[in-house]
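One letter stands for each residue in the lines below.
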Number of protein chains: 2
Amino acid sequence: CPVVVIAHESHPGTAELVGGAVMRAALTTNMPEGVFSLLYGGGRTVGISVVQHPVIQAVGFTGSRSGGTALMAAAANREQPIPVYAEMSSVNPVVILPGALERGETALAEAFFGSLTLGVGQFCTNPGLLFLPEGKGFGFIERLRELVTAATPGTMLNAGICQAYADTVEAVASTEGVQTIARATAAAGQGAPAVFSVSLRRFLEADLLRGEMFGPGTLIVRGSLEEIEAAIPELEGQLTATVHGTAEELAAHASLVTALESRAGRLIFNSFPTGVEVCHSMVHGGPFPATSDGRSTSVGTMAIHRFTRAVAWQGFPDACLPAELQEGNSLGIRRLVDGEFV
Amino acid sequence: CPVVVIAHESHPGTAELVGGAVMRAALTTNMPEGVFSLLYGGGRTVGISVVQHPVIQAVGFTGSRSGGTALMAAAANREQPIPVYAEMSSVNPVVILPGALERGETALAEAFFGSLTLGVGQFCTNPGLLFLPEGKGFGFIERLRELVTAATPGTMLNAGICQAYADTVEAVASTEGVQTIARATAAAGQGAPAVFSVSLRRFLEADLLRGEMFGPGTLIVRGSLEEIEAAIPELEGQLTATVHGTAEELAAHASLVTALESRAGRLIFNSFPTGVEVCHSMVHGGPFPATSDGRSTSVGTMAIHRFTRAVAWQGFPDACLPAELQEGNSLGIRRLVDGEFV
């Protein structure tokens, strides 16, 4: 079906390059005229108008929670409501088990810092929340402090994102019970890495601390493993959830993993959430508000289900069926026939 | 996951029998306590309260458009919005091609009458709209007229449904350009079969005529095959769409079938829409307002997707994966590995 893309106003040049590539591909593969359109400008006004147009049948969006929920409301209030796949916010919790620290706190801190600062922290899978066992990991924190203090701040996508990040970091820093581990200094337009720490009890009391700092900021939450497990159900939906530890620890904390599974679309062991592969097993989605529709993924082959609708054909002569349903199976696709895959 | 069912107030006894059977099955199969609950009474108030409760994660509903859209609004306005699968209204268009009439108008009328009056017309797949080629099918209409005139009206589910049916039939009968072919007479609480006829041009002008008469009422729309095909995109979403004719006619009118496919979840050839089989190929769903979510089905094995969410497990040791993902495949399920089904 035809696709309409609205270019982000912060990178019109990139949008034009990508749009041109898509148009050339459409021409090369003899797609029908109008199969792809690229619109510029107008921000939310244009977006809402497109979502409200009767020919539009599904919506994909990545951006802020306010932008995404505005599109959801517009889609739900149409005469014919349509699905909205909005990716809105995720703090991507990381749980560090003691065994991971025993393998080497310095290397773990360096790898974590790499994930935290990738793209000036502007990845939807950026690790904005780190659960660390109480009384352990001081070497991890110390190395992270060094790295953040010495970090080179990067330029963020636009002034609005940069200001929102600075405001959120300031709000977290001034929340009662929050300790600033390290903050880099930044010039105008730049996002400076920042690391904070708070007790688990205090974390659960302050709603602000469970929200997203969109940028290279993270909050370390300190508690016992029992408290950490009990806190997971209090988190909103996430794109990813990560555990670092040993295989034995995983087995011993199966209920912690089960709790994380209920809150996220992708569970990661001994790696970092930034990085998304286009493959069959990819799920880039998760419970609200990570996405508005946790049933699907925006990356990976399963993403096609966002734009499909099942239709049953009953009693049609073989020759009048769509090619994919005909007995001859001329398209060579896998088919389910009377419950058997053939 | 646990399921909460709200009994319909019009059949508490049936609900109790079914609920008891489900409870016995849950006990026999060692399901956890609380896996199934049956609530009584309160109608929409109870329904909305349940939908708004934070532990509820998905909603299925069959009923009126006003009831379904109220649940959709409640679900969309939750802090965490959830999917609603509401089956709300469908007029299930049937298109008669000339070849079907040539096979025998009397038999076709009798079969159509059987589908129209099944369950006093209270099937969601009841054929409430019949497109008939202009200048043909007088024998079909005449036999239908005889059957309806002689019909024994049946008792409908409750007084509200019965009154709504009577009111809608009256409104259709008094719409300009509508001709009454036949109406049976009914006692209080009964639904009397009714057949009307209208020109295609007039049908497209009067919004009322494209709505649902929930009961044994149908509207015959007369036009050329070209006009009929052009009218299909003007219809709302449907659970079913049916074509009667010959294989040659189907091939000659492929674009009519394509138009019907865009409006319905199940396409039927030379049969009748009433009747739903629980099987792999079943789709009982369709574009809004047939259902609130045309991506899924309420009947058939694919229905399980309504209540699932994909999760990717990255980097986990084999022994710590859910059984269905482990290399040993102890559950013996079909798996997609690196793009190959094994």
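Conventions adopted
- Residues numbered from 1 in each chain as written.
- Chains lettered and ligands numbered in written order.
- Predicted model: local features only at pLDDT ≥ 70, side-chain atom pairs only at ≥ 80, totals over all residues.
- Heavy atoms only, no water.
- Pairing = 2+ DSSP bridges.
- Helix = DSSP H or I, 4+ residues; strand = E, 2+ residues; numbered from the N terminus.
- Axes fitted to C-alpha atoms, helices over the stretch in contact; angles between N-to-C directions.
- Contact = heavy atoms within 4.5 Å.
- Buried < 20%, exposed > 50% of the residue type's maximum accessible area, 1.4 Å probe, protein only.
- Expected span 1.5 Å × (residues − 1).
- Arc of directions from axis to C-beta.
- Domains from an automatic or database assignment.
- Parallel < 35°, antiparallel > 145°, perpendicular 65-115°, else oblique.
- Left-handed = near helix turned anticlockwise from the far one by under 90°.

Draft legend 1. Just the sheet that holds strand 13 (residues 264–269) of chain B, in detail. With respect to topology, eight strands assemble into an open sheet ordered 14(A)-13(B)-12(B)-5(B)-6(B)-11(B)-10(B)-8(B), the strand pairing being mixed. Across the chains shown, the open sheet's two edge strands, defined by having one partner strand only, are strand 14 (312–314) of chain A together with strand 8 (179–183) of chain B. In this sheet, neighbouring strand axes are inclined to one another by 20° on average, regardless of whether the strands run parallel or antiparallel. Contacts between helix 5 (residues 105–117) of chain B and the sheet are confined to strand 5 (93–96), strand 6 (129–133), strand 10 (194–199), strand 11 (217–223) and strand 12 (238–244) of chain B, with strand 11 of chain B contributing the most and set at about 135° to the helix. The sheet strands contacting helix 11 (residues 254–261) of chain B are strand 14 of chain A together with strand 5, strand 12 and strand 13 of chain B, and the helix crosses strand 13 of chain B at an angle near 145°.

Draft legend 2. Spotlight on unusual backbone geometry. All names here are of chain A. Following Phe288, the chain continues into Pro289 via a peptide bond in cis, with omega recorded as 5°. You can see Pro289 is positioned in the loop between strand 13 (264–269) and strand 14. If you check the backbone angles, Val120 has positive phi at about 50° while not being a glycine. Examined against the element boundaries, Val120 turns out to sit in the loop between helix 5 (105–117) and strand 6 (129–133). The buried category is assigned to Val120, whose relative accessible area is 15%.

Draft legend 3. Structural view of helix 1 (residues 12–28) of chain B. Residues and elements named next belong to chain B. Look at helix 1: 24 Å from first C-alpha to last across 17 residues, which is about the 24 Å you get at 1.5 Å a residue. Those residues of helix 1 not exposed but buried are Ala15, Gly19 and Ala26. Projected down its long axis, helix 1 shows its buried positions confined to an angular sector of 25°, all on one face. For helix 1, the exposed residues lying more than 90 degrees away from the buried face are Leu17, Arg24 and Thr28. Close packing links the buried residues of helix 1 with strand 2 (36–39). Directly beyond the C-terminal end of helix 1, a positive phi value near 55° is found at Asn30.

Draft legend 4. Expanded view of the environment of Pro289(A). Residues and elements named next belong to chain A. Overall, Pro289 belongs to the buried group, its relative accessible area being 1%. For the pair formed by Pro289 and Ser90, sequence separation is 199 residues and the distance between their alpha carbons is 7.2 Å. Those residues in contact with Pro289, other than ones at most four positions away along the chain, are Arg65, Met88, Ser89, Glu236 and Gly237.

Draft legend 5. Quick peek at the domain arrangement of chain A. According to the domain assignment, chain A contains domain 1 (3–88 + 293–307), domain 2 (93–269) and domain 3 (316–342). Just the C-alpha atoms count here: the centres of domain 2 of chain A and domain 3 of chain A sit 50 Å apart.

Draft legend 6. Looking closely at the sheet that holds strand 11 (residues 217–223) of chain A. One open sheet holds the eight strands; their spatial order is 8(A)-10(A)-11(A)-6(A)-5(A)-12(A)-13(A)-14(B), and the pairing between them is mixed. Of all strands in the sheet, those bounded by a partner on one side alone are strand 8 (179–183) of chain A together with strand 14 (312–314) of chain B. Going across the sheet, the axis of each strand differs from the next one's by a mean of 20°, ignoring polarity. Note that strand 5 (residues 93–96) of chain A and strand 12 (residues 238–244) of chain A share three bridges and pair parallel. Its bridge partner being in strand 12 of chain A, Val94(A) is matched across the sheet by Thr242(A).

Draft legend 7. Spotlight on helix 11 of chain B. Those residues of helix 11 of chain B lying buried are Leu256(B), Val257(B), Ala259(B) and Leu260(B). Projected onto a plane normal to the axis of helix 11 of chain B, the buried residues spread over an arc of 160° and lie on a single side.

Draft legend 8. View of the packing of helix 2 (residues 44–52) of chain A against helix 3 (residues 65–76) of chain A. All names here are of chain A. Two elements in contact, helix 2 and helix 3, have axes whose closest approach is 9 Å; the angle formed by their N-to-C orientations is 30°. In terms of their interaxial angle, helix 2 and helix 3 are classed as roughly parallel. The chirality of how helix 2 crosses helix 3 is right-handed. Contacts from Arg44, Gly47, Ile48, Val51 and Gln52 in helix 2 reach Ser66, Gly67, Ala70, Leu71, Ala74 and Ala75 in helix 3.

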